[in-house]
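Each chain, written out:
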Amino acid sequence: MPFAIALIVLVIELTPAHVIYTGPLLVSTPALAALTTGPRGVLAATALAVAVSITTATWNQAWGSQQVYTNFLALFLVAVASYLMSRAVRTRRETELNQVRRIAAAAQEVLLRPVPGRLGPLRAASMYLAAETGAQIGGDLYEAVQTRYGVRMIVGDVRGKGLPAVRAAAVVLGAFREAVHYETDLAEVVGHCGEALRRDAVLSGTTSGDGDALLEGFVTAVVVQVPDGHTIEVINRGHPAPLVLRDGRVQELAPDSPLPPLGLEDFLTGPSAPPERYAFAPGDRLLLHTDGVIEARDSAKEFFELPEAMAAMGDRPREEFLEGLRRRLLAHTRGRLADDVAVIVVDRVDRYNRLGGHLAS
């Protein structure tokens, strides 16, 4: 707008319509720039206004008149005030933004803390990428906890975005972190997460308390337990299947019986299904992820090929594997993620001393 006004003034002054007094219009450009473009915009608008004033005063042979010098003085005063105001506003906004970022970082440490690097016979690492620019947390969730029943993990994705999604993720994670330590049955752990989500929906008024299905804010999730032995137990509630890398080949752990997401328990056709078991031997690598990975598209609308990427980087250490995955994903999408990304990668080591907590080899 400031630059459009300067152009209009220039057209008026260089045509027979120059009898119209345009001084106040030109003086207003730095003030308008302060509201819309920041300090650099104020300087640019002021420079343009000065150039237009000099051009029109020369064209109309108005040098020496009191009006010209009054306009220059007014333009100078407004420009200085606008620049100082714009700097003050920008400083305040940067201070507020830094405070919000510190709060977000603290919230992330509580809600989405990195998984421990050592979990019994497992070695783990995690990664979270928020799709929203400047955000650090979103609607994806993950956790890995060592319990007396084995290592228990969850990766989930909340339907929706913004603060309601963060709230739903916090509810599910809170229920999971509590239930994993005292529920023997993995299905009961999952049940606690679903019930906690439904209770919160009733309290927040997003659903009724008479058993109606929760159609907003449901959570897809995969819950995994790694007990003693060379197997894992998996309950998949509408979530992308985990991947296992074994001897250079990637296997998808797709469920035999699909189950609805957490929060949609009314759609369960029977009692809670028992966990499905899969082999997980020493040397295997397990990858839990959200759909932000496999649904990431390039400029040609092609999906990201996660199994191929996992197989290509399977021999890398966990941290290098996640960094390589991050680079490939951002290169595929040209740095524009359409959805949040949460990933846990887990390796089973050869032997583990349960008393000392050290690798035996």
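For the structure, check the block above.
Computed from a predicted structure; not experimentally measured.

Asks: Mind showing me how you'd approach the overall build of the protein chain here?
Replies: The helix and strand tally for the protein chain stands at 10 helices and 13 strands. For the protein chain, the residues scored as buried account for 45% of the 361 residues in total. As displayed, the protein chain has an accessible area near 19,000 Å², and 57% of this comes from carbon and sulfur atoms.

Asks: Please explain the sheet that holds strand S4 (residues 150-158) as it appears in this structure.
Replies: Spatial ordering of the open sheet is given by S3-S4-S5-S6-S9, a layout of 5 strands whose pairing is antiparallel. Two strands in the sheet have a free side with no partner beyond their single neighbour: strand S3 (140-147) and strand S9 (276-279). Within this sheet the neighbouring strands show an average axis-to-axis angle of 20 degrees, counted without direction. Bridging between strand S5 (residues 219-226) and strand S6 (residues 231-237) involves 5 bridges; their strand directions are antiparallel. Bridge pairing links Val223 to Ile235 in S6. Where helix H6 (residues 162-179) meets the sheet, it contacts S3, S4 and S5, and its direction lies at approximately 165 degrees from that of S4.

Asks: Even after reading the chapter, I still don't get a nonpolar patch on the surface, so can you show me in this structure?
Replies: Where nonpolar side chains cluster on the molecular surface, the patch consists of Leu73, Phe76, Leu77, Val80 and Leu84 and spans about 500 Å² of accessible area. Its place among the elements puts Val80 in helix H5 (residues 66-111).

Asks: Help me out: how do you make sense of the packing of aromatic side chains in this one?
Replies: By convention here, two paired aromatic rings are described through the distance between centres and the angle between planes. Overall, the coordinates contain 0 aromatic pairs when judged by the stated rule. Lying across the ring of Phe321, Arg285 places its NZ or CZ 5.0 Å from the centre.

Asks: I'm lost on unusual backbone geometry in this one. Help?
Replies: If a residue is not glycine, its phi is most likely negative; likewise, a peptide bond is most likely trans. Located in the positive-phi region is Asp247, a residue other than glycine, with phi close to 55 degrees. Along the chain, Asp247 turns up in the loop between strand S7 (243-246) and strand S8 (249-252).

Asks: Help me out: how do you make sense of the environment of Ala47 in this one?
Replies: Inspection of the secondary structure assignment puts Ala47 in helix H4 (residues 39-59). On a C-alpha basis, the gap between Ala47 and Ala79 in space is 9.7 Å, while along the polypeptide they are 32 residues apart.

Asks: Explain the sheet that holds S7 here, please?
Replies: Backbone-to-backbone hydrogen bonds pair the strands of a sheet. The strands run either parallel or antiparallel. Sheet architecture is open: 6 strands sit in the order S1-S2-S11-S10-S7-S8, paired in antiparallel fashion. Looking at the sheet topology across the chains shown, the edges are occupied by strand S1 (118-119) and S8. Note: S1 against strand S2 (residues 122-129), 2 bridges, orientation antiparallel. Looking across to S2, one finds that Leu119 is bridged to Leu122.

Asks: Is there a simple way to think about the pattern of salt bridges in this case?
Replies: Opposite charge on two side chains makes pairing possible when the charged atoms of those side chains draw close. On inspection of all chains with the given rule, the structure shows 9 salt bridges. As a salt-bridge pair, Glu143 and Arg177 come within 2.6 Å of each other at their nearest N and O atoms. You can see Glu143 sitting in strand S3 and its partner Arg177 sitting in helix H6, a full 34 residues away along the chain. Just as Glu143 is buried, Arg177 falls in that class too. The closest approach of N and O atoms between Glu323 and Arg327, which form a salt bridge, is 3.0 Å. Of this pair, Glu323 and Arg327 both sit in helix H10 (residues 318-333), 4 residues apart, which is roughly one turn of the helix.

Asks: Before we go on, may I ask you to explain the packing of H6 against helix H7 (residues 186-204) in this structure?
Replies: Packed helix pairs are characterised by how far apart their axes lie and by the angle those axes make with each other. At a minimum axis separation of 8 Å, H6 and H7 run at an interaxial angle of 140 degrees. Classified by the angle between their axes, H6 and H7 sit oblique to one another. In this structure, H6 crosses over H7, and the sense of that crossing is right-handed. Residues Arg167, Ala168, Val171, Val172, Ala175, Phe176 and Ala179 of H6 touch H7, and the partners they reach there are Val189, His192, Cys193, Ala196, Leu197, Asp200 and Ser204.

Asks: So what exactly am I meant to see when it comes to a positive patch on the surface here?
Replies: The grouping of Arg40, Arg87, Arg90, Arg92 and Arg93 at the surface amounts to a positive patch. At 4 residues, the largest contribution of residues to the positive patch is made by H5. With respect to the secondary-structure elements, Arg90 resides in helix H5.

Parameters at a glance
- Residues numbered from 1 in each chain as written.
- Predicted model: local features only at pLDDT ≥ 70, side-chain atom pairs only at ≥ 80, totals over all residues.
- Heavy atoms only, no water.
- Helix = DSSP H or I, 4+ residues; strand = E, 2+ residues; numbered from the N terminus.
- Buried < 20%, exposed > 50% of the residue type's maximum accessible area, 1.4 Å probe, protein only.
- Areas by Shrake-Rupley, 256 points an atom, 1.4 Å probe, with all protein chains shown as cover.
- Pairing = 2+ DSSP bridges.
- Axes fitted to C-alpha atoms, helices over the stretch in contact; angles between N-to-C directions.
- Contact = heavy atoms within 4.5 Å.
- Patch = residues over 30% accessible without salt bridge, like charges linked within 9 Å, V, L, I, M, F, W, Y side chains within 5 Å.
- Salt bridge = Lys/Arg side-chain N within 4 Å of Asp/Glu carboxyl O.
- Phe/Tyr/Trp six-rings, centres within 6.5 Å; stacked < 30°, edge-to-face > 60°.
- Lys NZ or Arg CZ within 6 Å of the ring centre and 35° of its normal.
- Parallel < 35°, antiparallel > 145°, perpendicular 65-115°, else oblique.
- Left-handed = near helix turned anticlockwise from the far one by under 90°.
- Lys, Arg positive; Asp, Glu negative; His and termini not counted.
- Charge placed at Lys NZ, Arg CZ, Asp CG, Glu CD.

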